Amino acid sequence: MASLDRVKVLVLGDSGVGKSSLVHLLCQNQVLGNPSWTVGCSVDVRVQDYKEGTPEEKTFYIELWDVGGSVGSASSVKSTRAVFYNSVNGIILVHDLTNKKSSQNLYRWSLEALNKDSSPTGVIVSNGSDYDREQFAENPVPLLLIGTKFDQIPENKRNEVLNRTAFLSEDFNAEEINLDCTNPRYLAAGTSNAVKLSRFFDKVIEKRYFTRDPSQGRKTPILVKTCGNFGSLQSVLRVKAVIP
């Protein structure tokens, strides 16, 4: 099988919001049975058909870097994570819809990853009034917002929660997907969520390979371990590399 070009997408958010479960669902199309805390960084891989169904269709690897979500105030925690932020092509910001603080912390995660965090480590930007959305108006790195644990919100509270988080999409200039990682139907083929996800990955690929960006460094090789039928580009690939 010919080698495929790849893009690197960070998956960021607080501990416990469901990043590992989300990445497993995206790469394996299965629910993660026994999720555990991520220490360091875990890298999974999926296949994306760029502009699927068109004459421009081409297949790429999407590397999903699930970064451990510790929000400790020690500068060593932040500096350790910095090694994962090199040569980033896209970012998925994950928050727990049942946890307001995890939504607020997305500002800190985004600023940290994009080297725009000028505030002391541990300072949380709490809402849009404290946040300069112009920082992301022309952001070259595509962003996607994903709210998890949607099924855990009582039906009579869902509109209230969605109204509370609605400003996030505007602040980050990004589309938003709300789902439950224990229910694959939220990302079923043909759904609006699946379309948004594919559109985001296409945008990441396009920014990386079809626009000139001198800030992008050289590609580095990554060991890919198959999971399933290696001969089919439609099979889901997975590499699990826990980095301390």
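Here goes a summary of the coordinates provided. From a predicted model like this one, the values you see are computed outputs, not experimental measurements. (Residues numbered from 1 in each chain as written. Predicted model: local features only at pLDDT ≥ 70, side-chain atom pairs only at ≥ 80, totals over all residues. Heavy atoms only, no water.)

Turning our eyes to something else, we now look at unusual backbone geometry. Here S87, not a glycine, exhibits a phi torsion of approximately 50 degrees, which is positive. Residue placement: S87 occurs in the loop between helix 2 (75-81) and strand 4 (90-96). Of the residues examined, S87 reaches a relative accessible area of 43% and is grouped as partly exposed. One non-glycine residue, N173, lies in positive phi territory at about 55 degrees. (Helix = DSSP H or I, 4+ residues; strand = E, 2+ residues; numbered from the N terminus. Buried < 20%, exposed > 50% of the residue type's maximum accessible area, 1.4 Å probe, protein only.)

This paragraph deals with the nonpolar core. The biggest cluster of nonpolar side chains holds 31 residues, and the ones touching the most others in it are V9, L22, L64, I92, L179 and F201. Not counting the four nearest positions on each side in its chain, F201 is found in contact with V9, R46, Q48, I62, L64 and I92. Counting residues in hydrophobic clusters, the runner-up holds 22 residues, among them L12, L93, W109 and A113. (Core = buried A, V, L, I, M, F, W, Y, C linked by side-chain atoms within 4.5 Å. Contact = heavy atoms within 4.5 Å.)

Once their charged atoms are close, side chains differing in charge can pair, the charge on each being opposite to the other. The full count for this structure, using the stated rule, is eight salt bridges. For the salt bridge of K58 with D5, the shortest nitrogen-to-oxygen distance reads 3.4 Å. With K58 in strand 3 (residues 58-67) and D5 in the segment before strand 1 (6-12), this residue pair connects regions lying 53 residues apart in the sequence. A salt bridge links E175 to R199; its shortest N-O distance comes to 2.6 Å. Note that E175 is positioned in strand 6 (residues 175-178) and R199 in helix 6 (residues 192-209), a separation of 24 residues in sequence. (Salt bridge = Lys/Arg side-chain N within 4 Å of Asp/Glu carboxyl O.)

If you check helix 6, its first and last C-alpha atoms are 26 Å apart, about what 18 residues at 1.5 Å a residue would give, namely 26 Å. Of the residues making up helix 6, those classed as buried are N193, A194, L197, F200, F201, D202, V204, I205 and R208. (Expected span 1.5 Å × (residues − 1).)

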